[in-house]
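# Descriptive structure summary
Okay, here's what each chain looks like letter by letter:
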Amino acid sequence: MNTILNNIKLLRSYSKLYLTICFIILSVTTTYSNNNKIDLSGKWAFQLDSTDVGISQKWYAHQLNENILLPGTTDDACKGIPNLLLPELSKPQILHLTRKNSYVGAAWYSKDVNVPTNWKKKKITLKLERVIWETTVWVDGSLIQGKQESLTTPHYFDLSESLTPGKHTIVIRIDNRKKHDISVKDMAHSYTNETQIMWNGVIGEISCTAEDKTNISEIQVFPNVKEKLLNLKIGINHPKLSLAKGTVEITVKSTTHCHKIKKIRIPFKLNADDSSLEIMYPMGNNFLLWNESHPDLYELSASISGKGFKSIAKTTFGMRTLSTKDGNIQMNAENIFLRGTLECCIFPLKGYPPMDKAGWQKVFGTARNWGLNHLRFHSWCPPEAAFEVADEMGFYLQIELPLWSLTVNQDKATNAFLYAEADRIIKEYGNHPSFCFWSIGNELQPDFGFLNSFVDKLKAKDSRHLYTNTSYTFEKGHGEWPEKNDDFFITQKTKKGWVRGQGVFETEAPSFNKDYNASVDGMTVPLITHEIGQYAVYPNIKEIEKYTGVLDPLNFKAIKADLIKKGLIDKANDYLMASGKLAVLLYKEEIERALKTKGLSGFQLLGLQDFPGQGTALVGLVDAFWDSKGLIAPEEFRSFCSPVVPLAYFDKPTFKNNETFSPSLEVANYSANTLESAKVLWEILDQSGKILKSGEFESKSIPTGMNTYVGKIECPLNFIHKAQQLTFKTSIENTKFYNQWKIWVYPSEIDIKLGNVFYTRSYDEAKRALDEGKNVLYNPDWRKLKGIQGKFLPVFWSPVHFPKQAATMGMLCNPEHPALEYFPTEMHTDWQWWDLLINSRTIVLDSIPTVSPIIEMIDNFVNNRRLATLFEAKVEKGKLIYSTIDLQENIENRPQAKQLLYSIVQYMNSVDFDPKYNILFSQLSFLEADRSIEDKANPVDIY
């Protein structure tokens, strides 16, 4: 190797041709990686075996008929059954993305390998990184004992007795059919077609490695920060019935700083039955701690040597102490707050996770850019590359076994698989400091005796992580309070109340002084809120062009075709933006309520990213590719989702100008440091950005790991003389930390003069007035109208997965419409609309397509109906505005309703009131057909 490198230095001065030859020589030389590893990536012979004849016909003993590239999958190679489905709003197309080529069954892979002469009498290991589900291996037609079935860790085979020096043929049979009952309807993300796909192939490293027969099999590093040392467990393979004697050498160095730590050498002796060494390694006094702010890493190198053997192994680790205290999660004795989202193995180009660091840098880099510090891997465990990037970026990871089951402990073979899988995860990934939290699975049922026992066994094996039995459960008697051995607890609702807004935002008037303190009172372990959000956003039709890989977005294409058919395609982007901005404000309030709750240690969004399965659940602010949808800038999202967040407490979003705006302020600080002499500033701005009022508080220290009260503002609103949308903003001087909220102020004294407007709630009166040529504001009792339940919240998760919901996706209007001139609004639902939408009925206008909505509701993407709550038309001899929003009842205590009525009446009395389209009054009769019952749901049930 030294000779080659010297030659390379000489060749640098030669022509481009010689330089090219140099690289060729180098690549050939490094194929064996210092002659101890053979890279098996590249072309393999291949054949599908859907009828399982390969064993009986001895395919392992002859050449296969096709070729395929590995790493890769049958989907990558366009092998399997081609998709013939067309884009339609029906199942299965609307359920998830569609595989262009689908295959589930056995497939055979064959490759010749030349084994070097110096591999004689070596231990040779075949590594297959990330396989679904079962692998069997033959060498030169002879079966290698032992099948492998891990869904989370590499498959390893000992080929020592088969790969003698010379040419050999390795044959691998991969069967991606389900081997164990791990999932409800195959939805666990380790094995599913909902997000990733049930691919067949190998997607990571494929190699053969040679070692001495006595070698290091694993290194487990248990940092002990308090005692300033490492407890090391070094696994040793050595021939049985023999004595292994030699020296172990340990070296630790920082990978992030020029910080060297001494090398130690220790003699060792292993008897025939011994398989590991336990060593205490002193770290000294100057080591660096790992956390999200300072992800300092170390590399540990261990080598053993003795007569006839030498082995070297390396691992990285971080010095950290993960613990709990007083209901808080602590990292290195400081409280942390988890700002998390779910990762559900959503990678729509390939249908499987990236195996390189670059792919995971996109994931974690985006998450960090949006203010997050935590990812929960829902019912799966990511590959090595994900842990490496998380270590380097300071992310706190929760992994789960491949389990989302309602039949826990009902099959012994599945139990054995799960126990073995847990052991494999510890061995492969246990040293990573980012591997902080471990849940047995998602929403598990029914046997909590089994789950408690499982957690106890894991705790006994590996103390480096915090454990919970399940990421929530619907099992009666569980799920609303921690299990006896939970280190932390994940739930959406405790026995004392909700801990996520989805349960209260629709039924409680909007208020910004709420938290979940009452729901977590008395809880002794840290609580993390389960899958908060799930607010559906209308599909981005432009996203279709991104799907250039193995998955076809037939769901998106079907929605696009339906919009074109119904003449609504021009509204697609407005639907996306209006529904998405509603989701943003709901996520904001979800996150702030979590931050305001004492005894709550974090949240897990569902999700920052879209979920393209389970009925097309597009709940993200970024799409399935981790690209922003343009609904909010990441830096603005960080204003309420970051290590430091200013928080405001006030009781409502809408005010009269004879009231006082009285917010209390505090700062949540979970950064690395106390904010010394922090000065909190505040401003009230109008829609143009002009500062109307401002002030500041005295400087104070804001310690880390808690919320600190800043003070209260008393701001009379009598300086507002017309209806306005204002922004209340607070910031910390000379920092990047700020937060802001919209409020709406209306005149307390407002004179509604009907003038030429005939207001009625009577169908018959409206008809007579229109026949007489009057301007009619018809405002029937919404409770007696046929239509869809008026809703503030959008679709929960998916209208396909959960069809029995009043599935609208928010309000859409044109703020420039003259009917809204005196009612300040943006084009989407905001908090001032809550009372108006709750007290309304959404009506379907498909039968009168010429009607022009002033305020429309966005239908779910399955139905794509024309919906409205306020529209105008010329009717008979008169002109009509039809409002299903209640503009009469208790209006003096509903300032937003009174202001909307005022704005509508002003418009109807102006020359601008000139609806474009004519309809017959009889065309409205269908809206009056049901005067007694409330419509509970109206979406198409196709799940």
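The preceding data block contains the structure.
Let me sum up the structure you'll find in this document. (Residues numbered from 1 in each chain as written. Predicted model: local features only at pLDDT ≥ 70, side-chain atom pairs only at ≥ 80, totals over all residues. Heavy atoms only, no water.)

Pairing between the strands of a sheet comes from backbone hydrogen bonds, and it takes one of two forms, parallel or antiparallel. Pairing within the open sheet is parallel, and its eight strands lie in the order β30-β29-β28-β27-β26-β36-β34-β31. Edge positions in the sheet fall to β30 (466-468) and β31 (489-491), since each has one partner strand and no second. Across the sheet, the mean angle separating the axes of adjacent strands is 25° when strand polarity is ignored. With four bridges joining them, strand β26 (residues 338-343) and strand β27 (residues 374-377) adopt parallel strand pairing. (Pairing = 2+ DSSP bridges. Helix = DSSP H or I, 4+ residues; strand = E, 2+ residues; numbered from the N terminus. Axes fitted to C-alpha atoms, helices over the stretch in contact; angles between N-to-C directions.)

The next point concerns helix α4 (residues 384-393). Within the span of α4, buried status applies to A385, A386, F387, V389, A390 and D391. Phi for G394, located one or two positions after α4, is positive at around 75°. (Buried < 20%, exposed > 50% of the residue type's maximum accessible area, 1.4 Å probe, protein only.)

Let us look at the pattern of salt bridges. By the definition in use, this model includes 52 salt bridges. The salt bridge involving R173 is made with D52; its shortest N-O contact spans 3.1 Å. Remark: D52 occurs in the loop between β2 (42-49) and β3 (66-70) and R173 occurs in strand β13 (residues 166-175); sequence separation between them is 121 residues. The salt bridge partner of K362 is D627, with a shortest N-O separation of 2.9 Å. On the criterion of sequence distance, the pair formed by K362 in helix α3 (residues 357-369) and D627 in the loop between β36 (600-606) and α10 (634-637) is long-range, its members being 265 residues apart. Since its relative accessible area comes to 26%, D627 is described here as partly exposed. (Salt bridge = Lys/Arg side-chain N within 4 Å of Asp/Glu carboxyl O.)

To continue, consider the nonpolar core. Counting 193 residues, the largest nonpolar core has W360, F364, W438 and L621 as the members making the most contacts within it. Here F364 is in contact with L375, F377, A386, V389, A390, M393, F395 and L397, once residues within four sequence places are set aside. (Core = buried A, V, L, I, M, F, W, Y, C linked by side-chain atoms within 4.5 Å. Contact = heavy atoms within 4.5 Å.)

With that settled, consider the sheet that holds strand β15 (residues 206-211). Pairing within the open sheet is antiparallel, and its four strands lie in the order β1-β15-β9-β12. For this open sheet the edge positions go to β1 (37-39) and β12 (155-158), each flanked by a neighbour on one side alone. Across the sheet, the mean angle from the axis of one strand to that of its neighbour is 20°, orientation sign disregarded. Bridge count between strand β9 (residues 123-128) and β12: four bridges; the pairing is antiparallel.

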